[in-house]
Amino acid sequence: MSTAAAPGDPVLRMEAVRKSFGTSLVLRDVDLEVAPHTVTALIGASGSGKSTLLRCANLLEEVDDGAIWLDGEEITDPRADADAVRRRIGVVFQAYNLFPHLTVLQNITLAPQRVHGLSRAEAEAQARELLERLGLGAKAGEYPDRLSGGQQQRTAIVR
Ligand SMILES: Nc1ncnc2c1ncn2[C@@H]1O[C@H](COP(=O)(O)OP(=O)(O)OP(=O)(O)O)[C@@H](O)[C@H]1O
Ligand SMILES: [Mg+2]
């Protein structure tokens, strides 16, 4: 619901925001208030849901439950104008340069095979060992757009 924001009210407020991807619960009832003219840092392990929270605030992801208010206006209301919200929130995305049409494993094994002449089996064995060391063993078959920013960054480091 839209209510006029008073000076000093939070510019961004989240209440009990919940978001899952499949069976993985990424945001569990997150409450957050950001006062005007303040800086807030989200700190947490890679893959813990920081970017997902920001994507929810920008309506790039739909929350499963809970609500978000921007300047007193509930933007998770289905009637909210997503384009108008995005005009008011700027997002600097994490950068990566992975091939989007290749899986993590294919991204990593491409150059060793093409450039260094390794067999596919050799390249994959080496890649899987490195992926395990960086906590990405379960993501070998995923496409980059299904990884967190840090997971993409580490994939690029492995490559
Ligand atoms: N579209 C998606 N489909 C399935 N799983 C996803 C999707 N987007 C993110 N995830 C998963 O949700 C979890 C949280 O991802 P998120 O990008 O929010 O992490 P993060 O805290 O920003 O991490 P980092 O510090 O690495 O950037 C990760 O395990 C990620 O693999
Ligand atoms: Mg992130």
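About the criteria used
- Residues numbered from 1 in each chain as written.
- Chains lettered and ligands numbered in written order.
- Predicted model: local features only at pLDDT ≥ 70, side-chain atom pairs only at ≥ 80, totals over all residues.
- Heavy atoms only, no water.
- Helix = DSSP H or I, 4+ residues; strand = E, 2+ residues; numbered from the N terminus.
- Rg over C-alpha atoms; globule rule 2.2 N^0.38 Å.
- Buried < 20%, exposed > 50% of the residue type's maximum accessible area, 1.4 Å probe, protein only.
- Contact = heavy atoms within 4.5 Å.
- Lys, Arg positive; Asp, Glu negative; His and termini not counted.
- Charge placed at Lys NZ, Arg CZ, Asp CG, Glu CD.
- Near = heavy atom within 4 Å.
- Polar contact = N/O pair within 3.5 Å; in protein donor to acceptor, adjacent residues only side chain to side chain.
- Nonpolar A, V, L, I, M, F, W, Y, C, P; charged D, E, K, R; others polar.
- Domains from an automatic or database assignment.
- Phe/Tyr/Trp six-rings, centres within 6.5 Å; stacked < 30°, edge-to-face > 60°.
- Lys NZ or Arg CZ within 6 Å of the ring centre and 35° of its normal.

Draft legend 1. Seen up close, the overall build of the chain. Check the secondary structure of the chain and you find 5 helices and 4 strands. Since a compact globule built from 159 residues should have a radius of gyration of about 15 Å, the 20 Å found for the chain marks it as more spread out than a globular shape. Considering only C-alpha atoms, the chain reaches an extent of 65 × 30 × 30 Å along its principal axes. Sorting the 159 residues of the chain into buried and exposed places 33% on the buried side. Restricting to contacts in the chain with at least 6 residues of sequence separation, those with at least 24 account for 55%. Averaging the locations of the 18 positively and 21 negatively charged side chains of the chain gives two centres separated by 8 Å.

Draft legend 2. Spotlight on the site of ligand 1. As a structural note, the neighbourhood of ligand 1 is formed by 17 residues, with Ser 46, Gly 47, Lys 50, Thr 52 and Gly 150 the closest of them. With respect to ligand 1, the backbone of Ser 48 contributes an N or O atom lying 3.2 Å from an oxygen atom. Between ligand 1 and Lys 50, the relevant distance is 2.6 Å, taken from an oxygen atom to a side-chain nitrogen or oxygen of the residue. Among the elements of the structure, α1 (50-57) and α5 (149-158) are those that each provide at least two residues to the shell around ligand 1. The residue inventory of the shell around ligand 1, partitioned by class, reads 3 nonpolar, 11 polar and 3 charged. Three or more residues apiece are contributed to the shell around ligand 1 by two domains, here domain 1 (12-88) and domain 2 (104-158).

Draft legend 3. View of the packing of aromatic side chains. Per the stated rule, a full pass over the model turns up 0 aromatic pairs. Arg 13 extends its terminal NZ or CZ atom over the ring of Trp 69, reaching a point 4.0 Å from the ring centre.

Draft legend 4. Structural view of the domain arrangement of the chain. Here the chain is described as being made up of domain 1 (12-88) and domain 2 (104-158). Domain 1 and domain 2 are separated by 31 Å when their C-alpha centres are compared.

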